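Notes for the structure review
These are the residues of each chain, in order.
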Amino acid sequence: MGLIVVAIGLVVVLVAGFALAFTAVRRPFPNHSGEIAIAGLSGPVEVLRDERGVPHIFADTADDLAMAQGYVHAQDRFFEMDLRRHATAGRLAELVGAAGVDSDKVVRTLGWRQVAEQELPMLEPRTRRLLQAYADGVNAYLAGHPSPSSIALEYVVLAQQFGPYSPQEWTPIDSLAWLKAMAWDLKGNYEGELTRARIAGRTTENQIPQLFPPHNFEARPPILSGQEWDPSTSGPTDQRFSSVPGVPLGDVDRVEAAFADVAAAVDAMPEFLGRGDGIGSNSWVVTGSRSATGKPILANDPHLGVGIPSIFYQVGLHCRARTSSCPFDVAGYSFAGLPGVIIGHNDRIAWGLTNLAADVTDFYLHRIRDDKEYFRDGEYIPLETRTETISVAGGADETITIRSTVHGPVLSDVLPAVAEAGASAPVEGREVRESYAVSLAWTALTPGRTADAMIGFNTASNFAEFRRAAEKFVAPSQNLIYADVDGNIGYQAPGLIPIRTSARQGAPPGYWPAPGWDSNFDWRGFVPFDQMPWTYNPDSEFIVAANQPVTESPKPFLSSEFDHGFRSTRIRDLIESAAEPFTVEAVQQMQLDSYDSFAPTLVAALLQTDTSDDPFTAEAQRLLVDWDFTTPGDSSSEGAAAAYYNAVWKNLLALLFDDELPRDLWVSGGSRHREAVAELLRRPDSPWWDNKQTPGITEERDEILRQALHEARLELTKQLGKDPQQWDWGKLHTLELEHAVLGGDGVPGPLRWLVNRGPYRMPGGSAIVNAHGWSANVGYEVDWGPAMRMVVDLADLDASTWVNQTGQSGHAYHSHYDDQVDAWVKGEQFPWPHSETAVRESVSNALTLIPRS
């Protein structure tokens, strides 16, 4: 699955033949060597690329460095940048036609670009200057390539259906708007809050805590130690209930319909970085006392959506002489479209990011009168409205009306999913008509200075400077791990975290949607940065941040829903049980660990399930007896057992939830579902075990486990053959790297062949350190995974290693389009030179950018 998959349904049959023409494919390939004159530079800039096309840029000024980065990004990835720019501005339909309209409606409703416009003047002068210099570099490349066909093959293909198109100049706002997309995909809790709102009317209240169990801190520790924290919900009840206090039970169906409208709007959004229960990351750092080098080793692999080209772009940015005005000597992973490095190291410090999953969104239910007013604190007040026009390539413009409340945009307006149920209903004793609507409060809609923070990380030389930069990191909230060449390690939780009151007694804040008609439930400000968790040189001599809870302490309240820590606890166990000090190679191997930490719990129950009267199923069940709980992508005995186990898991989730929940609500089968099933295994008579589609029969745990074993046996016999010993997890668990626009089913096959790569057989799975996630309600195919892997050696930065998911280039069939894929699939990494000597020794192509006179 691509990141922004758009099925554009190309209608010109000749497109395939034209796109495959040799000259059309090669024409956009950029010049990576020689000399190019561009206007705006103050002096010559060297762009030194290694054998994988990774550029290290050397300049005399920070502005020249940023301008060159913009030029280089545009050389290799401009179509990706332009696609992101259109999507984040709510103008995707201008580029890809009607397929982008629904996404544009949501983005326009959220107002991402307007927020970015407010942020620009808030930024430090240095950041604004770098953003402008970066934009100048992008525009210098565009000026030298006036024909879209010389920029990217995608423009040639799209023009066959939608007509001529010329990219507009790049602006700093285009860069800042991308931060909103990043924050959208990495926000926490909103899916859980929305799920609970949607199912409240169809379940009993005591079922909800079983589906959203509290974290088991004793079994799986948080990032930082702290006081015990019990996020349990209010006491059980067996009565049908409303998700929002103050809603009559007779209105529950209409409330659920309003939240279904919100879910439809969320689903219409493209996946910028990826989405779902499994989206997260691994990161850890050990001190020199635990490493063979005597200095810290830091590892990071963010788990995001998969596609081609990959999300990240590798780059080095080096000032020839380090000064206060040109302080950069940094290398790592960047986003095409933004100056600087988002994850990496400079000559003094290294840092990694994982998603904190802080609860930074709240849904507010509103009572709407006559589509014009909403009820608040005893009176009706006007909705704020504005109209916007969406231009559609190849179609008619669409005008939309956007409504907002004091809490934020009305998201349920965008794509009504259940028109009849959500229609206005008469209010007894009044002439007016009321309906329900849902607005979204989200911290990323508050203008902030995240761009300042990113530049600050690039130039920080110690932990104090790193924390000062982190204070400006508003959204998305991330776990920041740190190490430096002096031997120190640290952690900081940043972000804008709202202070609010719980909408239901006994439940954590943000757990349930809040009544928008009562200002007592409004946000009361944000957690001060000096109250956010952090640590420096902990006694444990290591830090693991892999999306698990930050601390057990209830203060500050960050969220009630984190990853349940199967990955993080496995990483901690590997660190604590290591017999030898860690080397870079040993840390690389940890990143490839495929042990499923939840499997022992479920397998114990499966092996106790009686299949003596079903030899067909029992034959497969025996695969689990001696399984070591690893998940290799092959036909070894472990690979065969992993295939069967995962098939049982998929079928078990369907048997548990498909009769009561919409399929999109049990999509991932990630850590939350693992913790939920662990809880249900201890409750053999829970209502979740009963299949509501078999009236008159009440199923319990053992029967559903038996059915899951049997259904999995049938499924794999059809897919992999009759002999369980020959089953192969890698044959089921495959990865297809899809192009965001030209890789979908609506595109002619020859074009898909040109731009897509795969399938690849993959190990690992969800809630596993080697995280190649899949959606249990769809199939076993990988839909998210490590977007990159890196290991930084603070004793010798040139001994560090890295790998990207695909390659540097966004040009199909360029030599650097997919030249890192095989290594990434195998878990291999490449040398990561940093010093000027090491960089120059690795050069394959040298390009010099000079000022145009």
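Attention here is on the structure that accompanies the text. Not measured: the values here are computed from a predicted model.

**Overview of the overall build of the chain**
- Counting its secondary structure elements, the chain contains 25 helices and 29 strands.
- Counting across all 853 residues of the chain, residues that qualify as buried make up 65%.
- Nonlocal contacts in the chain, meaning residues at least 24 apart in sequence, comprise 75% of its contacts between residues at least 6 apart.
- With an accessible surface of roughly 29200 Å², the chain has 48% of that area assigned to carbon and sulfur atoms.

**Focus on the nonpolar core**
- In terms of nonpolar packing, the biggest core is built from 168 residues, with Phe312, Tyr491 and Leu849 touching the most fellow members.
- Ranked by residues supplied to this core, first place goes to helix 3 (residues 62-88) with 13 residues.
- Excluding residues that lie within four positions of it along the chain, Leu849 makes contacts with Ile36, Ile38, Leu41, Gly43, Pro44, Val45, Val47, Ala68 and Tyr71.
- Ranked by size, the runner-up nonpolar core spans 60 residues in total, among them Ala599, Ala620, Tyr645 and Leu653.

**Thoughts on the environment of Tyr813**
- Relative to the elements of secondary structure, Tyr813 occurs in the loop between strand 27 (801-804) and helix 24 (821-826).
- Along the primary structure Tyr813 and Phe29 are separated by 784 residues, whereas in three dimensions their C-alpha atoms are 9.4 Å apart.

**Brief notes about the state of the cysteines**
- All told, the structure shown has 1 disulfide when counted by the stated rule.
- Through a disulfide, Cys319 is tied to Cys326; the S-S separation comes to 2.0 Å. Taking the sign of the torsion about the S-S bond as the criterion, the disulfide between Cys319 and Cys326, at about -90 degrees, is left-handed.
- Judged by its relative accessible area of 1%, Cys326 is buried.

**Digging into unusual backbone geometry**
- The peptide bond linking Ile308 to Pro309 adopts the cis configuration, its omega dihedral lying at 0 degrees.
- Inspection of the secondary structure assignment puts Pro309 in the loop between strand 5 (297-305) and strand 6 (313-319).
- Cis geometry marks the peptide bond from Gly758 to Pro759, where omega comes out at 5 degrees.
- Among the secondary structure elements, Pro759 is positioned in strand 23 (residues 757-761).
- A positive phi angle, close to 60 degrees, is found at Ala767, a residue other than glycine.
- In this fold, Ala767 is placed in the loop between strand 23 and strand 24 (773-774).
- With a relative accessible area of 8%, Ala767 lands in the buried category.

**With respect to the sheet that holds strand 29 (residues 845-851)**
- Spatially, 11 strands are ordered 1-29-2-3-6-7-8-9-17-18-20 in an open sheet, and the strand pairing comes out mixed. Lying at the two open borders of the sheet, with one neighbouring strand each, are strand 1 (34-38) and strand 20 (534-536). Strand-to-strand twist across the sheet, computed as the mean angle between neighbouring axes with direction ignored, equals 15 degrees.
- Alignment of strand 18 (residues 489-492) against strand 20, held across 3 bridges, turns out to be antiparallel. Bridging across to strand 20, Gly490 finds its partner in Tyr536.

**Comments concerning the environment of Pro409**
- Within the element layout of this structure, Pro409 appears in the loop between strand 14 (398-404) and strand 15 (425-426).
- For the pair Pro409 and Glu384, spaced 25 residues apart in sequence, the C-alpha to C-alpha distance is 9.0 Å.

**Observations concerning the packing of helix 6 (residues 112-119) against helix 9 (residues 172-185)**
- At a minimum axis distance of 8 Å, the contact between helix 6 and helix 9 shows a crossing angle of 120 degrees. The orientation of helix 6 with respect to helix 9, classified from their angle, is oblique. Judged by the sense of rotation from one axis to the other, the crossing of helix 6 with helix 9 is right-handed. Along the contact surface, helix 6 presents Trp112, Arg113, Val115, Ala116, Glu117 and Glu119, while helix 9 presents Ile173, Asp174, Leu176, Ala177, Lys180, Ala181 and Trp184.
- Residues belonging to the contact of helix 6 with helix 9 are distributed by class as follows: 8 nonpolar, no polar and 5 charged.

**Notes on the packing of aromatic side chains**
- For the structure shown, the criterion picks out 35 aromatic pairs.
- Aromatic side chains Phe312 and Phe335 sit 5.3 Å apart centroid to centroid with 20 degrees between the ring planes, which places their arrangement in the stacked category. With Phe312 in the loop between strand 5 and strand 6 and Phe335 in the loop between strand 7 (329-334) and strand 8 (343-346), this residue pair connects regions lying 23 residues apart in the sequence.
- Since its relative accessible area comes to 4%, Phe335 is described here as buried.

**Looking at the pattern of salt bridges**
- Within the structure shown, the criterion is met by 44 salt bridges.
- For Arg500, the salt bridge is made with Asp362, and the minimal N-O distance between the two is 2.8 Å. With Arg500 in the loop between strand 18 and strand 19 (514-515) and Asp362 in strand 10 (residues 361-369), the pair connects residues that are 138 residues apart, well separated along the chain.
- The exposure class assigned to Arg500 is buried, which follows from its relative accessible area of 9%.
- Between Asp563 and Arg567 there is a salt bridge whose closest N-O contact spans 3.4 Å.
- Residue classification places Asp563 among the buried residues on the basis of a relative accessible area of 11%.
- Owing to a relative accessible area of 3%, Arg567 belongs among the buried residues under this scheme.
- Linked by salt bridges that have partners in common, Glu46, Asp60, Arg320, Glu836 and Arg840 make up one network.

**Digging into helix 17 (residues 599-607)**
- All of the buried residues in helix 17 are Ala599, Leu602, Val603, Ala605 and Leu606. Summarising the axial view, the buried residues of helix 17 lie within an arc of 160 degrees, below the 170-degree limit, and thus occupy one face.
- Here the buried face of helix 17 lies against helix 18 (615-621), helix 19 (637-657), helix 20 (671-681) and helix 21 (701-720).

**Structural notes on the packing of helix 17 against helix 19**
- For the pair helix 17 and helix 19, interaxial distance at closest approach is 12 Å and the crossing angle is 80 degrees. Overall, the two elements helix 17 and helix 19 adopt an arrangement that is roughly perpendicular. Across from Ala599, Leu602, Val603 and Leu606 in helix 17, the residues of helix 19 making contact are Tyr645, Val648, Trp649 and Leu652.
- Grouping the amino acids of the contact of helix 17 with helix 19 by side-chain chemistry returns 8 nonpolar, no polar and no charged.

**Remarks on the environment of Gly807**
- Positionally, Gly807 belongs in the loop between strand 27 and helix 24.
- A sequence separation of 493 residues divides Gly807 from Gln314, and the C-alpha atoms of the two residues are 9.0 Å apart.
- The residues contacting Gly807, other than those within four sequence positions of it, are Arg77, Ser310, His816, Tyr817, Asp819 and Gln820.

**Examining helix 21**
- When the terminal C-alpha atoms of helix 21 are compared, their 28 Å separation across 20 residues agrees well with the 28 Å that a helix rising 1.5 Å per residue should span.
- All of the buried residues along helix 21 are Ile704, Leu705, Ala708, Leu709, Ala712, Arg713, Glu715, Leu716 and Leu720.
- The secondary structure elements touched by the buried residues of helix 21 are helix 17, helix 18, helix 19, helix 20 and helix 22 (729-732).
- Gly721 sits one or two positions beyond helix 21 and adopts a positive phi of about 115 degrees.

**Description of the pairing of strand 12 (residues 379-382)**
- Direction of pairing for strand 11 (residues 373-376) relative to strand 12: antiparallel, over a ladder of 4 bridges. When the bridges of strand 12 are listed, Tyr374 appears paired with Ile381.
- The loop that links strand 11 with its antiparallel partner strand 12 comprises 2 residues; one of these, Asp377, has a positive phi angle of about 50 degrees.

**Some details on the side chain of Ser412**
- Relative to the helices and strands, Ser412 resides in the loop between strand 14 and strand 15.
- Taking relative accessible area as the criterion, Ser412 reaches 6% and is therefore assigned buried.
- A distance of 2.8 Å separates the side chain of Ser412 from the backbone nitrogen of Val438, its partner in a polar contact.

Criteria and cut-off values
Residues numbered from 1 in each chain as written. Predicted model: local features only at pLDDT ≥ 70, side-chain atom pairs only at ≥ 80, totals over all residues. Heavy atoms only, no water. Helix = DSSP H or I, 4+ residues; strand = E, 2+ residues; numbered from the N terminus. Buried < 20%, exposed > 50% of the residue type's maximum accessible area, 1.4 Å probe, protein only. Contact = heavy atoms within 4.5 Å. Areas by Shrake-Rupley, 256 points an atom, 1.4 Å probe, with all protein chains shown as cover. Core = buried A, V, L, I, M, F, W, Y, C linked by side-chain atoms within 4.5 Å. Disulfide = S-S within 2.5 Å. Pairing = 2+ DSSP bridges. Axes fitted to C-alpha atoms, helices over the stretch in contact; angles between N-to-C directions. Parallel < 35°, antiparallel > 145°, perpendicular 65-115°, else oblique. Left-handed = near helix turned anticlockwise from the far one by under 90°. Nonpolar A, V, L, I, M, F, W, Y, C, P; charged D, E, K, R; others polar. Phe/Tyr/Trp six-rings, centres within 6.5 Å; stacked < 30°, edge-to-face > 60°. Salt bridge = Lys/Arg side-chain N within 4 Å of Asp/Glu carboxyl O. Arc of directions from axis to C-beta. Expected span 1.5 Å × (residues − 1). Polar contact = N/O pair within 3.5 Å; in protein donor to acceptor, adjacent residues only side chain to side chain.

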